[in-house]
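Structural overview
Here are the chains, one letter per residue:
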Amino acid sequence: MKSPLQVRDTQRIALNILKTIAHICEEQDLRYFLFYGSLIGAVRHQGYIPWDDDTDIMMPRPDYDKLLTYLKRSSSRQFPYSVFNHEVSTDYPYMITRISDDSYAIDMDNEKPYGLGVFIDIYPFDGLGDTMTSALKYGMQGDRLSSLCYQATRKHYAVETTTSVLRKILKFPVFLFAKMIGKDYFQNKLTNLANRIPYDESKYVGCVVWLSGGEKDIFPREWFDTFETLSFEDSEFRVPGKYKEFLTKVYGDYMALPPEKDRIGHHNYAVYKK
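Residues numbered from 1 in each chain as written. Predicted model: local features only at pLDDT ≥ 70, side-chain atom pairs only at ≥ 80, totals over all residues. Heavy atoms only, no water.

Thoughts on the side chain of Ser-74
As a reminder, the rule being used: The way it works is that DSSP assigns letters per residue, a run of H or I at least four long becomes a helix, a run of E at least two long becomes a strand, and they are numbered from the N terminus. Buried residues are those whose accessible area, probed at 1.4 Å on protein chains only, stays under 20% of the maximum for their type, while exposed residues exceed 50% and partly exposed ones sit between those limits. Polar contact is defined as a pair of N or O atoms within 3.5 Å, subject to the rule that within protein one atom must be able to donate a hydrogen and the other to accept it, and that residues adjacent in sequence are counted only when both atoms are side-chain atoms.
The residue Ser-74 is located in the loop between α3 (61–73) and β3 (82–84) in this model. For Ser-74, a relative accessible area of 15% translates into the label buried. Of the polar contacts made by the side chain of Ser-74, one reaches the backbone oxygen of Tyr-70; its length is 2.9 Å.

Concerning the nonpolar core
Test applied: In these notes, a set of buried Ala, Val, Leu, Ile, Met, Phe, Trp, Tyr and Cys residues joined through side-chain atoms within 4.5 Å is what counts as a nonpolar core. Should any heavy atoms of two residues lie within 4.5 Å, those residues are considered in contact.
Counting 82 residues, the largest nonpolar core has Ile-21, Leu-34, Ile-99, Phe-125, Phe-224 and Phe-246 as the members making the most contacts within it. With nine residues, helix α1 (residues 7–28) is the single largest residue contributor to this core. Those residues in contact with Phe-125, other than ones at most four positions away along the chain, are Phe-35, Met-58, Met-59, Pro-60, Arg-61, Tyr-199, Val-205, Gly-206, Cys-207, Phe-219 and Phe-224.

Overview of α3
The test is simple: Here the expected span of a helix is defined as 1.5 Å times the quantity of residues minus one. Of all possible arcs, the one meant is that of the directions from the helix axis to the C-beta atoms.
Between its first and last C-alpha, α3 extends 19 Å over 13 residues, near the 18 Å set by a 1.5 Å rise per residue. Every buried residue belonging to α3 is among Arg-61, Asp-63, Tyr-64, Leu-67, Leu-68 and Leu-71, and all of these are buried. Here the buried residues of α3 occupy an arc of 160 degrees about the axis, which is enough to place them on one side. With respect to the buried face of α3, the exposed residues turned more than 90 degrees away are Lys-66, Lys-72 and Arg-73. The inward-facing, buried residues of α3 contact α1, β2 (56–60), β3, β4 (97–101) and β6 (118–129).

Points about the pattern of salt bridges
Side-chain pairs of opposite charge can arise where the charged atoms are in close proximity. Defined as follows: In what follows, salt bridge is the name for a side-chain nitrogen of Lys or Arg lying within 4 Å of a carboxyl oxygen of Asp or Glu.
Scanning the entire structure with this criterion turns up twelve salt bridges. Residue Asp-9 is joined to Arg-12 by a salt bridge in which the shortest nitrogen-to-oxygen separation is 3.6 Å. Separated by three residues within a single helix, Asp-9 and Arg-12 lie in helix α1, roughly one turn from each other. We note a salt bridge from Asp-225 to Arg-221, for which the minimum N-O separation is 3.2 Å.

Quick notes on the packing of α1 against α3
Helices that pack against each other are described as a pair by the angle of their axes relative to one another and the distance between those axes. Stated formally: Only the stretch in contact is used when fitting a helix axis, every axis being a line fitted to C-alpha atoms; angles between N-to-C directions are given from 0 to 180 degrees. Each angle gets one of four labels, with under 35 degrees taken as roughly parallel, over 145 as roughly antiparallel, 65 to 115 as roughly perpendicular, and the rest as oblique. When residues are sorted by character, Ala, Val, Leu, Ile, Met, Phe, Trp, Tyr, Cys and Pro go into the nonpolar class, Asp, Glu, Lys and Arg into the charged class, and all the rest, Gly among them, into the polar class.
One can describe the packing of α1 onto α3 by two numbers: an axis separation of 11 Å at closest approach and a directional angle of 105 degrees. Between α1 and α3, the angle is such that the two are roughly perpendicular. Of the residues in α3, those touching α1 at Ile-21, Ile-24, Glu-27 and Gln-28 are Leu-67, Tyr-70 and Leu-71. For the contact of α1 with α3, the per-class residue count stands at five nonpolar, one polar and one charged.

Read these as spatial facts, not as claims about activity.
Put into structure tokens, the structure is as follows:
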């Protein structure tokens, strides 16, 4: 039986995907930024967080849509990776896009296989509104729908990261309800919810199809109106102009290392070379 790849191996593979997408974005004049753990990695480690098992970038919705259109028109020679989102893969369970190297296979815990290899995540950001109150109200619609969509695509019920006793009690009936309705219903709802408010005309922005952090995941658009470049592994990539404000809001003291017991990846999967 083949042994799974180590985290450092998958990071190197994902880095090549990231370089390709960043090059296309630069060439096509599309906005993109390192995001979440990848952004912390650039700031704190000048590369990947040693135990991080995914790669995240954010794109404003207009640029995200242009990138997907460009990739649809590209030949396999120009773009040797696969695009996964709910529009191109009927089994795909999420509303963000993943770019995958299909030379590898992933065995996901509690998730049906849909052909994904080593990947990077691309989060589309939409306009959310001109007040935090209206942005939060709109964003929480997306959070509820994406949570139901997630439960609808699990193979079996699992407590996972839920800690609240009340949430644990409610989670099982929610799981049954979501499985009964099915992911397509929730993905269609999320499609209709996204892109209602133009990104470039909104004071507040966020990923309405994956707003799991509530107010913590809603940001002033001006934080992303400019960019800097930071070293990441052997390259340089764009980061938000106000990346320090972003990281402080999401993570607090982002330069402090977590306790040693928490220095683990947060995706439950194993990666194999095909």
